[in-house]
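# Notes for the structure review
So you can see what is in the structure, the chains are spelled out below.
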Amino acid sequence: MSQILPHRPRRLRRTDALRQLVTENRLSSSDLIYPVFLLPGSGQRQAVSSMPGVERLSLDLLFEQAERCLKLQVPVMALFPVIEAEKKTEDGREATNPDGLVPTAVQALKARFPELALLTDVALDPFTTHGQDGVINDQGYVLNDETVSMLEQQALVQAQAGVDIVAPSDMMDGRIGAIRHALEHKGLIHTSIMAYSAKYASGFYGPFRDAVGSGGNLGKGNKKTYQMNPANSDEALLEVGLDLEEGADMVMVKPGMPYLDILWRVKEHFGRPTFAYQVSGEYAMLKAAALNGWLDEKSVVLESLLAFKRAGADGVLTYFALDVAQWLREG
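The linkage connecting Lys254 with the following residue, Pro255, adopts the cis geometry, with an omega of -5 degrees. Here Pro255 shows up in the loop between strand 8 (250–254) and helix 9 (260–270). A positive phi is found at Gln73, a non-glycine position, where the angle reads about 65 degrees. Within the element layout of this structure, Gln73 appears in the loop between helix 2 (59–72) and strand 4 (76–81). Phi is positive for Met171, which is not a glycine, with a value near 70 degrees. Within the secondary structure, Met171 is located in the loop between strand 6 (165–168) and helix 5 (175–185).

Glancing now at a nonpolar patch on the surface. Taken together, Leu12, Leu21 and Val22 make up a surface patch of nonpolar side chains, about 290 Å² in accessible area. Note on placement: Leu12 falls in the segment before helix 1 (16–21).

So, on to the side chain of Ser202. Counting through the fold element by element, Ser202 comes out in the loop between strand 7 (192–199) and helix 6 (206–212). A polar atom in the side chain of Ser202 sits 2.9 Å from the backbone nitrogen of Phe204. Residue contacts for Ser202: discarding those within four places in its chain leaves Gln227 and Pro255.

What counts and how
Residues numbered from 1 in each chain as written. Predicted model: local features only at pLDDT ≥ 70, side-chain atom pairs only at ≥ 80, totals over all residues. Heavy atoms only, no water. Helix = DSSP H or I, 4+ residues; strand = E, 2+ residues; numbered from the N terminus. Patch = residues over 30% accessible without salt bridge, like charges linked within 9 Å, V, L, I, M, F, W, Y side chains within 5 Å. Areas by Shrake-Rupley, 256 points an atom, 1.4 Å probe, with all protein chains shown as cover. Salt bridge = Lys/Arg side-chain N within 4 Å of Asp/Glu carboxyl O. Polar contact = N/O pair within 3.5 Å; in protein donor to acceptor, adjacent residues only side chain to side chain. Contact = heavy atoms within 4.5 Å.

Here it is as structure tokens:
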């Protein structure tokens, strides 16, 4: 005999139609940003060994990825350059070259796919011989204000090439205000800034550093003097607040899954467009487990992205973006 219960939550889980009716958070292709690794030259394709299924591509092959983004309604592609060793210097000066790899790619992509939004990384680590995100002194310490001056120039070059979103990922103090002022001064009022505001000194970035070629330059060094301490939460609110005051349009929490509490706090406190980055280490873990048959890839990837949405993310940068968009299309 059944009990008489006033509440039976399972009633709303009984059929797929009912589950869909009361779904609190939904994932769509418009929530996704697709990060890609850009090689110089043409006809170039290199697998990233620590990120199975991810490749470094030259611009001509990247056009195919741009077309797929548009077809699958992924609105933004994020460009991360792989810079030739001979162009790397201690100060990362190549980052400010208007004829460099990134500005050239932006111009070509926007000419061919004007409706696809592009995001570019504003940081010096792909361009430096030491793998740090800034200009260093004789002791190897990253100098804040000297680095900000370089970042201003880098962001201007990218904006003048036609990029939609510049995304400073360096964690230097005051760089958002400096970049916003520089953009306004040059009349580039439509260029958005997505600030990596709460970027932690995480061990989950290893495969990315392999992909862009900065890991070997960094060696046994670390970025703890400018990226955030993983033990800190209140500090994230300070960093986000400063970036918003300085002119950021959007903010980001990075890494993603290990920092859902930070994502939640940022969105609840500020209520501004907030993004998360499902970083290379997160991708590598899920992909490796799936390839070994330990997890179902589609199931866990979709679940992980829903977790970002549930925690407050307006969107997610993920290397799974095109796969996810295809899965969502297939229902």
